Amino acid sequence: MFSRVVLAVIIGFTSISSSSLSCAFSNETTIDILSGAAQYDDNLENDFSPNPSMVGSRTKITWINKDFRVPHLIKADNDLFKSPMLVFDQEYSLVLDKKGIYPYHCEVHPWMKGLIEVR
Ligand SMILES: [Cu+2]
């Protein structure tokens, strides 16, 4: 059995993180880290699904690693958020309050790129 780990994001004290991250949410959505995502190609739909993700503000966003063989680590391009290393079936969640575009990538496989738009 694989245990599911849901990690809450600790609210930081910088102006960026305190205004953009929150623990309160009203909706939920999931982003699958796809099997085979670590293979290099230009099709970003092979990395994360959905990609891009369009969500409303205060949506709880959860990445789930569906890649059986490969651990991944989700990181915002601007360092706003960063997951721990996620092995198969592990999850990482956060809430983005502030409207905007949030590009992210996998720190282990930097060609894996995703985008969240908070509307
Ligand atoms: Cu990866």
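For the structure, see preceding data.
Structural notes, computed from the coordinates. (Residues numbered from 1 in each chain as written. Predicted model: local features only at pLDDT ≥ 70, side-chain atom pairs only at ≥ 80, totals over all residues.)

The biggest cluster of nonpolar side chains holds 19 residues, and the ones touching the most others in it are Ile-61, Trp-63, Ile-74, Leu-96, Tyr-102, Ile-116 and Val-118. With four residues, strand E6 (residues 91–96) is the single largest residue contributor to this core. In this view, Tyr-102 contacts Ala-76, Leu-96, Ile-116 and Val-118; residues no more than four positions away in its chain are not counted. (Core = buried A, V, L, I, M, F, W, Y, C linked by C-beta atoms within 7 Å. Buried ≥ 20, exposed ≤ 12 C-beta atoms within 10 Å, placed from the backbone. Helix = DSSP H or I, 4+ residues; strand = E, 2+ residues; numbered from the N terminus. Contact = placed C-beta atoms within 7 Å.)

Across the sheet, which stays open at both edges, the four strands sit in the order E2-E1-E4-E6 with mixed pairing between neighbours. The open sheet has two edge strands with one neighbour each: strand E2 (48–49) and E6. By the bridge criterion, six bridges tie strand E4 (residues 59–65) to E6 in an arrangement that is antiparallel. The residue bridging Ile-64 from the neighbouring strand is Glu-91, located in E6. (Pairing = 2+ DSSP bridges.)

This part is about the sheet that holds strand E5 (residues 74–76). Read across the sheet, four strands follow the order E3-E8-E7-E5 without closing on themselves; strand pairing throughout is mixed. Every other strand in the sheet has two partners, leaving strand E3 (53–55) and E5 as the edge strands with one partner each. Averaged over all pairs of adjacent strands, the angle between strand axes in this sheet comes to 25°, irrespective of strand direction. The pairing of strand E7 (residues 100–106) with strand E8 (residues 113–118) spans six bridges and is antiparallel. Looking across to E8, one finds that Ile-101 is bridged to Glu-117. (Axes fitted to C-alpha atoms, helices over the stretch in contact; angles between N-to-C directions.)

Now for unusual backbone geometry. Negative phi values dominate among residues other than glycine, just as trans dominates among peptide bonds. Omega for the bond connecting Ser-49 with Pro-50 falls within 30 degrees of zero, at -5°, which places this linkage in the cis form. Along the chain, the position of Pro-50 falls in the loop between E2 and E3. Cis peptide bonds are those with omega within 30 degrees of zero, and the linkage from Asn-51 to Pro-52 qualifies with 5°. One non-glycine residue, Arg-58, lies in positive phi territory at about 65°. Position of Arg-58 relative to the elements: it lies in the loop between E3 and E4. Judged by C-beta crowding, with 14 C-beta atoms within 10 Å, Arg-58 ranks as partly exposed. Phi angles above zero are rare outside glycine, and Asp-89 is one such case at about 75°. Its place among the elements puts Asp-89 in the loop between E5 and E6.

The residue Ala-76 is located in strand E5 in this model. Separated by 37 residues in the primary sequence, Ala-76 and Lys-113 place their C-alpha atoms 9.7 Å from one another. When near neighbours in sequence (up to four residues on either side) are disregarded, Ala-76 contacts Phe-81, Lys-82, Tyr-102 and Tyr-104.

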